[in-house]
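A structural walkthrough
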Amino acid sequence: MDRAKLPRPNTFAGLSLILDRVAERRDESAWIAEQARSAKARYLLLDAAGEAFMQKDFLQQGGEALRWLDANEREQLLGDTPASLLGIANQRPHFMLVLDDATRIDTLETALDARRVGLRAAGLQLSADEAGLFAYAKGLSHWQRETRYCAHCGFPLLLVAAGHRARCTNPEDCGRLHFPRTDAAVIMLVEHDGACLLGRQAGWPPGRYSTLAGFVEPGESLEDAVRREVAEEAGVIVDEVRYHSSQPWPMPASLMVGFIATAVSRQISKRDHELEDARWFTPKQIVDGLADGSFLPSMALSVSYHLLAHWLQQRAGLDLDELVANSNSR
Ligand SMILES: [Zn+2]
C-alpha cells in the first residue's frame, strides 16, 4: 500500500501518513535531547499569535514552503528556548519552538530571510504534509500558552513529556497532569430530496453560504449535536446522520467532524439568531449562482467546502473546483 496515495479529503488531515508522533517516548528525556541535537532535527518557529516562519520566496522555488531551522540555527539564534517534539517524519525529528518576544522574532525574521504567515492564509499554499505539521504545531502551542496555571489548585504548571503534558508544580496537595484539549464541533450538509441546506452569517462576504456547524455540548453524542444545531439554527428536523470525514481546525482548538444528514422536510424556521439566512439550494441553483456571482462557497480549505463538493459530485456529477475556477476566470 502506498500510504502517500491514500485519500486526504480535508486540509490539515492525514498527518499520520507521514508522521510518527512517538508518543510512547515523550518521557525519555535523554532520547529527546539526542533527537534535538541531531543534524537531522528541524524546528518550526511560531510567534505568540501562532504564525509560522515561511520561506519568503518559496513560490519561485517550489518544494517546501515552511522555513524550518536546523539544530545549529536553533542553538545560535534561540539558545535553549524549550522545544516540543512533534514526531518523526522522513526519518527526521520535527520540533516546534515558540518565541513570545516580539522584538526578537522580528530580528529573526530578517536573519532567516523568512516571513510569518498564519495558518488560514498558508493552508492552501502549503503541501498537505506541511499544512498538517503547521496545524499540529499551532494547536499544541496554543494549548501551551493558554494552560499556565492548574485549573484545580491555581499553582503554575510545568511543561513535561516533550511539551505534550503540563504538570502542576504543587506536589504536596495536587501535582495533577493537564493534557492538550480539543473541542469537538459538528459540521453538516443537510439534504432533502435533491436540495441541500446552507446558511449565512451577517458578517460574511455577500453571497457566501456554508453548511451549518456548532460545538458539541457535554453529555451529547455527535449525532445528537447535528440534530440540535440544525434545529436551533434553521428549525429543520433531521433524522439520518452519516459520518463523512473530520478535520483538525486549530483556530484555536477545534476538531471539525463532518456529516451528511437527511431532513424530514424543507420547513425552515430560525430559532436562534446565529444565521442571517438559511435556505435550500438545488445543484442547479448553485451552478447558476456561481456563474452569475450571486453564490460564493466557503473557503476551499474548510470541511464545509468538501462536504458541498462531495454532495454535488454524488448527487449531480458536478465538480465544485471546476465550477469555482470557471466563475473566478470570468
Ligand atoms: Zn494543581
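What counts and what doesn't
Residues numbered from 1 in each chain as written. Predicted model: local features only at pLDDT ≥ 70, side-chain atom pairs only at ≥ 80, totals over all residues. Heavy atoms only, no water. Helix = DSSP H or I, 4+ residues; strand = E, 2+ residues; numbered from the N terminus. Rg over C-alpha atoms; globule rule 2.2 N^0.38 Å. Buried < 20%, exposed > 50% of the residue type's maximum accessible area, 1.4 Å probe, protein only. Phe/Tyr/Trp six-rings, centres within 6.5 Å; stacked < 30°, edge-to-face > 60°. Lys NZ or Arg CZ within 6 Å of the ring centre and 35° of its normal. Pairing = 2+ DSSP bridges. Donors = N, O, S within 2.8 Å, 3.2 Å for Na, K, Ca; no water. Tetrahedral: all angles 85-135°; square planar, octahedral: opposite > 155°, others 65-115°. Core = buried A, V, L, I, M, F, W, Y, C linked by side-chain atoms within 4.5 Å. Contact = heavy atoms within 4.5 Å. Salt bridge = Lys/Arg side-chain N within 4 Å of Asp/Glu carboxyl O. Arc of directions from axis to C-beta.

**A look at the overall build of the chain**
Per the secondary structure count, the chain includes 10 helices and 16 strands. A compact globule built from 330 residues would reach a C-alpha radius of gyration of about 20 Å, and the chain, at 22 Å, matches this within 12%. If you line up the chain on its principal axes, its C-alpha atoms span 60 × 55 × 45 Å. For the chain, buried positions account for 49% of its 330 residues.

**Some thoughts on the packing of aromatic side chains**
Tallied over the entire structure, the rule returns five aromatic pairs. Centroid distance Phe12 to Trp249: 6.0 Å. Interplanar angle 50°. Geometry classified as tilted. Of the two residues, Phe12 sits in the segment before strand E1 (19-20) while Trp249 sits in strand E14 (residues 238-249), which places them 237 residues apart along the sequence. Judged by relative accessible area, which is 3%, Phe12 ranks as buried. Ring centres of Tyr209 and Phe281 lie 5.0 Å apart, and the angle between their planes is 65°; on these two criteria the pair is classed as edge-to-face. Here the residue Tyr209 occupies a position in the loop between strand E12 (195-200) and strand E13 (212-215), and Phe281 occupies one in strand E16 (residues 277-281), the gap between them amounting to 72 residues. Neither Tyr209 nor Phe281 differs from the other in exposure class; each is buried. Taken together, the aromatic side chains of Tyr209, Phe281 and Phe295 make up a single cluster linked through ring pairs. In this structure, Arg21 is placed above the aromatic ring of Tyr136, and the distance from its NZ or CZ to the ring centre is 3.9 Å. For the cation-ring pair, Arg25 lies above Trp31, with the distance from its terminal atom to the ring centre recorded as 4.2 Å.

**Notes on the pairing of strand E15 (residues 254-263)**
Regular strands have side chains that alternate between both faces of the sheet. Among the 10 residues of E15, eight are classified as buried, and the element is accordingly described as predominantly covered. Strand direction decides the pairing type here: strand E11 (residues 183-192) and E15, joined by nine bridges, are parallel. Along E15, the bridge assignment pairs Ala184 with Leu255. Of the pairings in the sheet, the one linking E14 to E15 comprises nine bridges and is antiparallel in character. Among the inter-strand pairings, Tyr243 is bridged to a residue of E15, identified as Phe259. If you look at the hairpin formed by E14 and E15, you'll find four residues sitting between the two strands.

**Some points on the coordination of the zinc ion**
Coordination sphere of the zinc ion, protein contribution only: Cys150 (SG), Cys153 (SG), Cys168 (SG) and Cys174 (SG), at 2.3 to 2.4 Å. Considering all four donor atoms around the zinc ion, angles at the metal cover 96 to 116° and the coordination shape is tetrahedral. All donor residues of the zinc ion come from one chain, and their arrangement in sequence is C-x2-C-x14-C-x5-C. Taken together, the residues Cys153 in the loop between helix H6 (128-146) and strand E8 (157-160) and Cys174 in the loop between strand E9 (165-168) and strand E10 (177-178) connect sequence positions 21 residues apart. Given the relative accessible area of 29%, Cys153 is considered partly exposed.

**Let's talk about the sheet that holds E8**
Strand-to-strand pairing in sheets goes through backbone hydrogen bonds, with the strands running parallel or antiparallel. What the three strands build is an open sheet, ordered E8-E9-E10; its pairing is antiparallel. Strands at the two margins of the open sheet, each flanked by one partner only, are E8 and E10.

**Some words on the nonpolar core**
Considering soluble globular proteins, one finds that nonpolar side chains tend to be buried as a cluster. In this structure, Ile286 and Leu308 are the most contacted members of the largest nonpolar core, which totals 57 residues. Looking at which element gives the most residues to this core, the answer is H6, with eight residues. Setting aside its immediate chain neighbours within four residues, Leu308 contacts Leu189, Cys196, Leu198, Ile286, Phe295, Pro297 and Leu320. Counting residues in each nonpolar core, the second largest holds 21 residues, with Ile32, Leu78, Leu99 and Ile105 among its members.

**Concerning the pattern of salt bridges**
This model, assessed by the stated rule, comprises 21 salt bridges. Arg42 is the partner of Glu64 in a salt bridge, and the nearest nitrogen-oxygen pair spans 2.8 Å. Separated by 22 residues along the polypeptide, Glu64 in the loop between helix H2 (58-61) and strand E4 (69-70) and Arg42 in strand E2 (residues 42-47) bring together distant segments of the chain. According to the relative accessible area criterion, Arg42 is buried, its value standing at 11%. Of the charged contacts in the structure, one is a salt bridge between Arg242 and Glu191, with a shortest N-O distance of 3.1 Å. With Arg242 in strand E14 and Glu191 in strand E11, this residue pair connects regions lying 51 residues apart in the sequence. Through salt bridges with shared partners, one network takes in Glu217, Glu220, Arg228, Glu229 and Glu232.

**Thoughts on helix H1 (residues 29-37)**
Restricting attention to buried positions, one finds in H1 the residues Trp31, Ile32, Gln35 and Ala36. For H1, the angular spread of the buried residues around the axis is 140°, confining them to a single face. Exposed and oriented more than 90 degrees from the buried face of H1 are Ala30 and Arg37.

**Digging into unusual backbone geometry**
The omega torsion of the bond from Met251 to Pro252 falls at 5°, within 30 degrees of zero and hence cis. Along the chain, Pro252 turns up in the loop between E14 and E15.

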